[in-house]
Amino acid sequence: QVQLVESGGGLVQAGGSLRLSCAASGSSIFSINAMEWNRQAPGKQRELVATITRWGRTNYADSVKGRFTISRDDAKNTVYLQMTSLEPEDTGVYYCNVEYRPGRYADWGQGTEVTVSS
């Protein structure tokens, strides 16, 4: 099994910044390929926010391009999400996930809550 622990969320005013972290652990981890961040706003479905491959290639949802930056530390099996110029629409619970074996993704963790006030 693979466990995911997200942290770094909180309450911030619009225009502010937060840095989220997610550590993956477990004996099933072989070599992590893709890592990603998702979010779920109140009353909405979970959506993919950003991804990063093992080679460092990144991709972002249009709504966060230019404001969010995903990065990873493979020595720590950790993925980060630097969020700047936050908007109230960014409010939600943020979840990470990792492809810990080819085609295999972890179960969702508890997430970390982000609230952006206007």
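For the structure, see preceding data.
The rules we used
- Residues numbered from 1 in each chain as written.
- Predicted model: local features only at pLDDT ≥ 70, side-chain atom pairs only at ≥ 80, totals over all residues.
- Heavy atoms only, no water.
- Buried < 20%, exposed > 50% of the residue type's maximum accessible area, 1.4 Å probe, protein only.
- Helix = DSSP H or I, 4+ residues; strand = E, 2+ residues; numbered from the N terminus.
- Pairing = 2+ DSSP bridges.
- Salt bridge = Lys/Arg side-chain N within 4 Å of Asp/Glu carboxyl O.
- Core = buried A, V, L, I, M, F, W, Y, C linked by side-chain atoms within 4.5 Å.
- Contact = heavy atoms within 4.5 Å.
- Axes fitted to C-alpha atoms, helices over the stretch in contact; angles between N-to-C directions.

Describing the pairing of strand β11 (residues 112–117)
Of the two faces of β11, the one lined by Thr112, Val114 and Val116 is fully buried and the one lined by Glu113, Thr115 and Ser117 carries no buried residue. Examined bridge by bridge, strand β2 (residues 10–13) and β11 share four bridges and lie parallel to one another. When the bridges of β11 are listed, Val12 appears paired with Val116. By the bridge criterion, three bridges tie strand β9 (residues 92–101) to β11 in an arrangement that is antiparallel. Paired with Val93 across the bridge in β11 is Glu113.

Some remarks on the pattern of salt bridges
Tallied over the entire structure, the rule returns six salt bridges. Linking Glu47 and Arg39 is a salt bridge whose minimum nitrogen-to-oxygen distance equals 2.7 Å. Between Arg39 and Asp90 there is a salt bridge; the shortest N-O distance is 2.9 Å. Here Arg39 is found in strand β4 (residues 35–40), whereas its partner Asp90 is found in the loop between β8 (78–83) and β9, with 51 residues between them in sequence. Residues participating in the shared-partner salt-bridge network are Arg39, Glu47, Arg67, Glu87 and Asp90.

Brief notes about the nonpolar core
The biggest cluster of nonpolar side chains holds 30 residues, and the ones touching the most others in it are Trp37, Leu81, Met83 and Val98. Only β3 (18–25), β4, β5 (47–52), β7 (68–73), β8, β9 and β11 provide two or more residues apiece to this core. Those residues within four positions of Val98 in sequence are excluded, and the remaining contacts are Val2, Leu4, Ala24, Ile32, Ala34, Met35, Arg104, Tyr105 and Ala106.

Digging into the sheet that holds β7
Two orientations exist for strands paired in a sheet by backbone hydrogen bonds: parallel and antiparallel. Reading across from one edge, β1-β3-β8-β7 is the order of the four strands in this open sheet, with antiparallel pairing throughout. In this open sheet, the two strands that pair with only one neighbour each are β1 (3–7) and β7. Each strand axis lies, on average, 15 degrees off the axis of its neighbour in the sheet, ignoring direction. In the sheet, β7 pairs with β8 via six bridges, with the strands oriented antiparallel. Looking across to β8, one finds that Phe68 is bridged to Met83.

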